[in-house]
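A look at the structure
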Amino acid sequence: MVITETHTKVLIVGAGPSGLMLAAQLLRYGFQPIIIDSRQGPTSHSKALAVQARSLEIYRQMGVIDKVIENGKQAGGVIFNEDQQEIAALSLASVGEGQTPFPYILLYQQSKNERLLLDFLTFNCCPVYWETNLVSLTQTAGQVTVQLQKGTHLSTLNCNWLVGADGAHSTVRKQLQIPFKGETYGHNFYLADIELANAELNDDQVHLYLAKKGFAAFFPMPEANRYRALGNLPDELSNKDDLKVEDILPGLEKTSGLSIKIVQTYWFTNYRLHHRMADSFRQQRCFLVGDAAHIHSPVGGQGMNTGLQDAYNLAWKLAGVANGQLSEKILDSYAAERMPVAKDLLSTTDKVFSIIMSDRWYTALFKKWVMPALLKFIWSKKTWREEFFKRVSQININYRDSAINLHISSATKIKAGDRLPYLKVFDEKKQAETDLHEWCSKPGFTLIVLGKLSELDLFSLAKWITQNYPVVLNFFYLPKSAKNQHVFDAFEVGKDQGKSLIVRPDMYIGFVNDKVDMVLMDNYLKNVAGIISPVAPFVVNDPPPVDPEMAFTKVYGPPAPGNSTDNQ
């Protein structure tokens, strides 16, 4: 299939997880990009394995979470072994309970993520142009011009914006001459997806074996008796040609103390690991996401998830600008928000991986005598377990320093720039339980008002939204009640106080105010978030604006006479 268009608003180069997520998110906002990839099709190899809670929350918002959960497997825990002896066992079962709808690490291969997102694109009539290469790109202040090649066919395409999601060897990054600074680790590694007949591994645990010179690990995969085995190659195999899985078995058995019984090998490869980061995630009208922007060790299963969230962060901003709804200045916030995340991730994973791989005498003493006791002590503390989960699940990432957030509140626990916390809400009207994330499932910004408002104030607020931000701003009102007191406590709402929150499309809080002030909210939406066309829909073919009283009735149900504190 050859591209026939000569112009598109957004061109995505690369149809891996990051590129596909970006395309899927743009489609959610009613905007269809062009997406190309030099490969023949999606990967048939498992590649990345872990999907963290924050990514699962994104899949839930997209309405595809059931398929993900059905075809994944929860990691039950991590068992650490040193010199073939178990030194610590850390359970991951519900370690993040109450912090997210998904208080675990889900093992769900990258190949499945790609197929899931491809299905989303197909359902929304957005093709991927496979076997299409980016040959060159030039850009001006107004557009990007690229030359593409499919087979012997060359074509020119103009686009308003270009996103490089084309991996560690990114052609986009090289064309832009953006430095990709970092280092290559000194070891060679192997990876094998295999079916085993080993009863001692027949569980949902990650088995990690530490040795004086490196490590080996077994990760359970969703399919019965299948495991991801990985480790560092011994020196004598580092330069061996045509390496086969049988070659690594003696070293793997020596490190693990197991007699490995392979039933079938699905994938085997050897590779080098790198930790690198692009000097810039944006150059004029071009952006980098995922591995094109940063690569690092596989510690903690962070890589694919970080790329998915790069795309998620950029998509709503790019869609808003492309649709003429948001000011272009909001695009500056992509690099400002995501580069610190990538930098911190590279630093953390590099430190942990360096300890695992180090063969220095003092590191060996630390791993043998200090680390077991330290792990057991940390895991015995509920607070530390929760903090560990927040970090590895990426739900602790915040953008408090971002220029597109505004905090006008005395609250110190939850601030503008924080991820919207997962808090359950009891709907008094429907007599059913929901949660704040569910309230933010639709594209666009979401206004949440906490506290008691009169019927007149509610009507005025609904009228203001309908007249000024139709279809752009979703609206939920939660009056106080005993069953929802925990929500008010979390947001530090006083006895006779109200509070207004505006949640960004990516479920991060953009605005917090200790009162409900339409002037301040209007200032945030127009001057901080950069809405320049508030009547332009976030989603194509949205229904037309409705009468404010009908909007009030539709969202809250008819007002209950004499009972303004009901959740209507």
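For the structure, see preceding data.
Residues numbered from 1 in each chain as written. Predicted model: local features only at pLDDT ≥ 70, side-chain atom pairs only at ≥ 80, totals over all residues. Heavy atoms only, no water.

**Side note on the overall build of the protein chain**
- Looking only at helices and strands, one finds 15 helices and 26 strands in the protein chain.
- Its C-alpha atoms give the protein chain a radius of gyration of 25 Å, within 12% of the compact-globule value 24 Å for 568 residues.
- Counting only C-alpha atoms, the protein chain reaches 80 × 60 × 40 Å along its principal axes.
- With the model as given, the accessible surface of the protein chain reaches about 24200 Å², and the carbon-plus-sulfur share is 52%.
- When the 58 basic and 58 acidic side-chain charges of the protein chain are each reduced to a single mean position, those positions are 3 Å apart. (Helix = DSSP H or I, 4+ residues; strand = E, 2+ residues; numbered from the N terminus. Rg over C-alpha atoms; globule rule 2.2 N^0.38 Å. Areas by Shrake-Rupley, 256 points an atom, 1.4 Å probe, with all protein chains shown as cover. Lys, Arg positive; Asp, Glu negative; His and termini not counted. Charge placed at Lys NZ, Arg CZ, Asp CG, Glu CD.)

**Notes on the pairing of strand β10 (residues 144-150)**
- Here β10 shows a buried face lined by Val144, Val146, Leu148 and Lys150 and an unburied face lined by Thr145, Gln147 and Gln149.
- Bridging between strand β9 (residues 133-139) and β10 involves 6 bridges; their strand directions are antiparallel. Along β10, the bridge assignment pairs asparagine 133 with glutamine 149.
- The hairpin formed by β9 and β10 contains 4 residues between the paired strands.
- Two elements, β10 and strand β11 (residues 153-164), share 7 bridges in a ladder whose sense is antiparallel. Bridging from a neighbouring strand, glutamine 149 pairs with leucine 154 of β11.
- Between β10 and β11, which pair antiparallel one after the other, the connecting turn spans 2 residues, and glycine 151 there sits at a positive phi close to 65°. (Buried < 20%, exposed > 50% of the residue type's maximum accessible area, 1.4 Å probe, protein only. Pairing = 2+ DSSP bridges.)

**Let's talk about the nonpolar core**
- Residues Tyr59, Leu162, Phe215, Phe445 and Phe491 are the most contacted members of the largest nonpolar core, which totals 159 residues.
- Counting residues per element, this core draws most heavily on helix α7 (residues 303-322), at 11 residues.
- By size, the runner-up hydrophobic cluster in this structure holds 20 residues, among which are Ile194, Tyr209, Leu243 and Phe268. (Core = buried A, V, L, I, M, F, W, Y, C linked by side-chain atoms within 4.5 Å.)

**Looking at the sheet that holds strand β7 (residues 106-107)**
- In spatial order, the strands read β3-β7-β4; together these 3 strands make up an open sheet with antiparallel pairing. Pairing within the sheet leaves two strands with one partner each, and these edge strands are β3 (50-51) and β4 (73-74).
- As judged from the 2 bridges shared by β3 and β7, these two strands associate in the antiparallel manner. Residue pairing for β7: alanine 50 is matched across the bridge by leucine 107.

**Some points on the side chain of lysine 499**
- Here lysine 499 is to be found in strand β25 (residues 499-503).
- Side-chain polar atoms of lysine 499 contact the backbone oxygen of phenylalanine 491, separated by 2.7 Å.
- For lysine 499, the side chain forms a polar contact with the side chain of aspartate 514, separated by 3.2 Å. (Polar contact = N/O pair within 3.5 Å; in protein donor to acceptor, adjacent residues only side chain to side chain.)

**Describing the pattern of salt bridges**
- Scanning the model with the defined rule gives 25 salt bridges in all.
- Between arginine 39 and glutamate 114 there is a salt bridge, with the nearest N and O atoms lying 3.9 Å from each other. Taken as a pair, arginine 39 in the loop between β2 (34-36) and β3 and glutamate 114 in helix α4 (residues 110-123) lie far apart in primary sequence, 75 residues in all.
- Taking the relative accessible area as the measure of exposure, arginine 39 reaches 25% and is therefore partly exposed.
- One salt bridge in this structure joins glutamate 386 and lysine 382, with 2.3 Å as the shortest N-O distance. Residue glutamate 386 and its partner lysine 382 are both found in helix α10 (residues 382-393); the two are separated by 4 residues, about one turn of the helix.
- Take glutamate 386: its relative accessible area is 22%, and that puts it in the partly exposed class. (Salt bridge = Lys/Arg side-chain N within 4 Å of Asp/Glu carboxyl O.)

**Points about the packing of helix α2 (residues 53-62) against α7**
- Relative to each other, α2 and α7 sit at 45°, their axes nearing to 9 Å. It follows from the interaxial angle that α2 and α7 lie oblique. Between α2 and α7 lies a crossing of left-handed hand. Along its contact with α2, which presents Arg54, Ser55, Ile58, Tyr59 and Gln61, the element α7 presents Asn305, Leu308, Gln309 and Tyr312. (Axes fitted to C-alpha atoms, helices over the stretch in contact; angles between N-to-C directions. Parallel < 35°, antiparallel > 145°, perpendicular 65-115°, else oblique. Left-handed = near helix turned anticlockwise from the far one by under 90°. Contact = heavy atoms within 4.5 Å.)

**With respect to unusual backbone geometry**
- One non-glycine residue, glutamine 84, lies in the positive phi region at around 70°.
- Looking at the element boundaries, glutamine 84 is found in the loop between β5 (77-82) and β6 (85-91).
- Notably, glutamate 492 is not glycine yet its phi reads approximately 55°, a positive angle.
- Within the secondary structure, glutamate 492 is located in the loop between α13 (485-490) and β25.

**What about the packing of aromatic side chains?**
- One pass over the full model with this rule turns up 14 aromatic pairs.
- The interplanar angle of 45° and the centroid separation of 6.1 Å between the aromatic rings of tryptophan 161 and phenylalanine 287 together place this pair among those described as tilted. In this pair, tryptophan 161 is assigned in strand β11 and phenylalanine 287 in strand β18 (residues 286-288), connecting sequence segments 126 residues apart. In terms of burial, tryptophan 161 and phenylalanine 287 fall into one category: buried.
- Here a set of aromatic residues connected by ring pairs shows up, and it is made of Trp161, Phe281, Phe287 and Tyr334.
- The ring of tyrosine 29 has arginine 28 sitting right over it, with the charged end atom 5.5 Å from the ring centre.
- A cation over an aromatic ring shows up here: arginine 173 above the ring of phenylalanine 180, its NZ or CZ 3.7 Å from the ring centre. (Phe/Tyr/Trp six-rings, centres within 6.5 Å; stacked < 30°, edge-to-face > 60°. Lys NZ or Arg CZ within 6 Å of the ring centre and 35° of its normal.)

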